Amino acid sequence: MAAEDLPSEFDVVILGTGLAESVVAAACSRVGQRVLHVDRRSYYAANWASFTFNALLTWIQEIQAESLSEEVQDRSSLVEEGEELIYLSGSDSASISNLQVFCYVSEEAEEEEEPANTTEEEEAGAAGEGAAKEPSETESAGSKEEEAGEAAEGDEQAAQEQGEEPEADQPQPSAPPSQSEPTRKKISYTQLVKEGRRFNIDLVSKLMYSRGSLVDLLIKSNVSRYAEFKNVTRILTYRHGSVEQVPCSRADVFASRQLSVVEKRKLMRFLTSCVEETEEHQAYNGRPYLEFLREQQLGDNLQHFLLHSIAMVTEDTLTEVGLASTRHFLRCLGRYGNTPFLFPVYGLGEIPQCFCRMSAVFGGIYCLRHSVSCLIVDKDSNRCKAVIDSRGQRISCSHFVVEDGFVGADRKVATPTRLLSRAVLITDASVLPGDSEQQVSLVTVPPTDGRPAVNMVELSPSTMTCIPGTYLVHLTCQSVGSAYEDLSPVVTRMFCTAECQDQENRPAVLWCLYFNMADGSGVEPEGHDLPSNVYVCSGPDGALGHEHAIKQAESIFLKILPEEEFCPPAPNPEDIIYDGENTSPTSIGEEEEEEGLTAAGGEGEEKQQEQQEEETSLQPEE
């Protein structure tokens, strides 16, 4: 459907394709609401997006060029008596700031920083046309599914190419020691650009708790069939200048060489006692969690592991909060692997797109590179009765959901801006090499010298987010200064960059990006000077999980449709009953979904058995 031919009336219009907005779109479409979902960007997922390397370079250029404000077009001719206009912001560029790029590899021994930026801009221009994850401008359910099917076939080929290499290497006993040096081949910037389509680089770094609200929603709604997941295989911590593995499961504790027999017994006893809240725990309410750990006669090793890598809190965190975080960690253990976490294959940007896909299957209409310029508000009821899109079409609606970045500053609640510091590194080796090259690691870096704690996620090529011979590393912390100021000291300590004089067998950084991102948890979703039927979604927050976005989406849905169930299970394609030969559009869309899913995940029974330990399908528990 061309954007000029959009219907003139919808139940819900949604601007922005972030995670919360996409979940609301799927939930509304699923219960029969007519949904129009638009985004002025050329890609899905907003600040939750995943980019190929080439598309990321294009995105960097776009962010740097977005300083000029767009002209506001006069739409007063579309306003009737008793109505008024509320203009929306045409850009959300304020959500990304302090962007810096460094390249430590070069074909012709150029200088590290300035020539790399110039080269990136030139390559980005050439690569922009081939950038992945930039679907067509306007999509209905049918066209969206055809593209998904084609993309899935390509993904399957890439998965087979990359998935076979590690399996071929594993049976060789001498592989781990002999691979440590040969795998660290010199990779040029040209090679990164040439193979850029094999990268999937997330703007936000998060993991999925196996018993968190996102996983529960994926299973309940049956959206999990649109994606594949990998277990996070290990949890690491940075301590005393080196990286150590954290024993968190029972098997890890007893296999650990870092803990004495006494420490192993103490740790198991403590973790067992944490499962249920007791009067002893309540007696420490209001006191620091670290004080509670010390009084349990746990040594420095165990205190460090429990505080920074299991509860993932600071020394000042209250005991009740620390224990709640520890219990959540323990509840998530063992559901899908030996850690509490999952990561989606091809990156986190897949998750919003999965919910968009379900919305399209149930009749949602999608338009990228399309926006809403202003709202038409009834003066008497103070409700939004229509929107005017970027082409000047008036579209009636009962509810309007908008990404926070598109709300004008004059309409927002004045709150202090909170930022996240982000760094994305492409490296040539793991921070802790092991027997397998398939590791997906969470690394916790405790706060030091007044600097905040840093969460680091290291992704191997098995996640389909980077090319063989490289690792993709994400660092995130609460901002104190710019992203470079906050995170470069951690990068310098743990990796080898151009500034490092001694190698110490640390992984080398090939390319890195620093930027600050607005913290979604610092945005007040209510209280804006907006009509009562306009709902604001904030962007990604600094937490490791997705609870904030999912709770926000459910809250908005229940305000729109308080009598309806939030994301009820979608029928399986094989369960759909067709009415004679006149197949409905919805059924066609779902049939195409089945084909796309088969291409993405079906590799034959033998192949599935081989990859059973590597890739996880989310299924409800028996």
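Residues numbered from 1 in each chain as written. Predicted model: local features only at pLDDT ≥ 70, side-chain atom pairs only at ≥ 80, totals over all residues. Heavy atoms only, no water.

Quick look at the overall build of the protein now. Within the protein one finds 18 helices and 23 strands. A total of 622 residues make up the protein; the buried ones form 55% of that total. Within the protein, residue pairs in contact and separated by at least 24 positions form 75% of the contacts whose partners lie at least 6 positions apart. Summed over all atoms, the accessible surface of the protein reaches about 26,900 Å², with 46% contributed by carbon and sulfur. (Helix = DSSP H or I, 4+ residues; strand = E, 2+ residues; numbered from the N terminus. Buried < 20%, exposed > 50% of the residue type's maximum accessible area, 1.4 Å probe, protein only. Contact = heavy atoms within 4.5 Å. Areas by Shrake-Rupley, 256 points an atom, 1.4 Å probe, with all protein chains shown as cover.)

To continue, consider helix α7 (residues 213–221). The element α7 is largely enclosed, with a buried count of seven among its nine residues. Those residues of α7 not exposed but buried are Ser213, Leu214, Val215, Leu217, Leu218, Ile219 and Ser221. Each element contacted by the buried residues of α7 is listed here: α1 (19–30), β8 (208–209), β9 (229–231), β12 (341–344), α14 (350–361) and α16 (547–560). Note on α7: the residue one or two positions beyond its end, Asn222, has a positive phi of about 70°.

Turning next to the state of the cysteines. Applying the stated criterion across every chain, the model contains zero disulfides. Cys567 carries a free sulfur, and the closest cysteine sulfur to it, the one in Cys28, is 8.8 Å from it. (Disulfide = S-S within 2.5 Å.)

Turning to the packing of α1 against α16, a few remarks are in order. It is the contact of α1 with α16, at a shortest axis distance of 8 Å, that shows an interaxial angle of 40°. By the angle between their axes, α1 is oblique relative to α16. Judged by the sense of rotation from one axis to the other, the crossing of α1 with α16 is right-handed. Between α1 and α16, the residues in contact are Leu19, Ala20, Val23, Val24, Ala27 and Cys28 and Ala549, Ile550, Gln552, Ala553, Ile556, Phe557 and Ile560, respectively. Across the contact of α1 with α16, the residue classes tally to 12 nonpolar, one polar and no charged. (Axes fitted to C-alpha atoms, helices over the stretch in contact; angles between N-to-C directions. Parallel < 35°, antiparallel > 145°, perpendicular 65-115°, else oblique. Left-handed = near helix turned anticlockwise from the far one by under 90°. Nonpolar A, V, L, I, M, F, W, Y, C, P; charged D, E, K, R; others polar.)

Attention shifts here to the confidence of the model for the protein. The predicted model of the protein has a mean per-residue pLDDT of 79, with 75% of residues at 70 or higher. Note on residues 108–183: pLDDT under 50 across the span, and 128 contacts to partners over four residues away in sequence or across chains. Under a pLDDT of 50 for its full length, residues 583–615 has, in the predicted model, 55 contacts with residues more than four places off or in other chains. (pLDDT = per-residue confidence, 0-100.)

A word on the sheet that holds strand β21 (residues 509–518). With mixed pairing, eight strands are arranged side by side in an open sheet as β5-β21-β17-β20-β19-β18-β10-β11. The outermost strands of the open sheet, each flanked by one partner alone, are β5 (96–103) and β11 (242–245). Averaged over all adjacent pairs, the angle separating strand axes in this sheet is 20°, with direction ignored. Note: strand β10 (residues 234–239) against β11, four bridges, orientation antiparallel. Note on β11: the bridge partner recorded for Leu236 is Gln245. (Pairing = 2+ DSSP bridges.)

Once that is clear, we can look at the pattern of salt bridges. Any two side chains of opposite charge can pair, given that their charged atoms come close. Applying the stated rule across the entire model yields 14 salt bridges. Across the salt bridge formed by Arg41 and Asp39, the nearest N and O atoms sit 2.9 Å from each other. When its relative accessible area of 5% is taken as the criterion, Arg41 is described as buried. The exposure class assigned to Asp39 is buried, which follows from its relative accessible area of 0%. For Glu295, the salt bridge goes to Arg287, with nearest N and O atoms at 3.3 Å. Given the relative accessible area of 43%, Glu295 is considered partly exposed. Residue classification places Arg287 among the partly exposed positions, given a relative accessible area of 28%. Connected through salt bridges with shared partners, the residues Glu9, Asp11 and Arg34 form a single ionic network. (Salt bridge = Lys/Arg side-chain N within 4 Å of Asp/Glu carboxyl O.)

Below, the discussion takes up α1. End to end, α1 covers 16 Å across 12 residues, agreeing with the expected 16 Å (1.5 Å per residue, within 8%). Residues of α1 that are buried include every one of Leu19, Ala20, Glu21, Ser22, Val23, Val24, Ala25, Ala26, Ala27, Cys28, Ser29 and Arg30, and no others. At the exit of α1 stands Gly32, carrying a positive phi of roughly 95°. (Expected span 1.5 Å × (residues − 1).)

Turning to the nonpolar core, a few remarks are in order. Residues Phe53, Trp59, Phe355 and Trp511 are the most contacted members of the largest nonpolar core, which totals 121 residues. The leading source of residues in this core is α1, at eight residues. Composition of this core by domain shows at least three residues from each of domain 1 (9–90 + 346–414 + 521–560) and domain 2 (246–337). Ignoring anything within four residues of it in the chain, the contact list for Phe53 reads Tyr189, Leu192, Val193, Gly196, Phe199, Ile201, Ile426 and Trp511. (Core = buried A, V, L, I, M, F, W, Y, C linked by side-chain atoms within 4.5 Å. Domains from an automatic or database assignment.)

The subject of this paragraph is the side chain of Thr444. Position of Thr444 among the secondary structure elements: in strand β18 (residues 441–445). There is a polar contact of 2.8 Å between the side chain of Thr444 and the side chain of Ser309. Residue contacts for Thr444: discarding those within four places in its chain leaves Leu236, Thr237, Tyr238, His308, Ser309, Met312, Val454 and Asn455. (Polar contact = N/O pair within 3.5 Å; in protein donor to acceptor, adjacent residues only side chain to side chain.)

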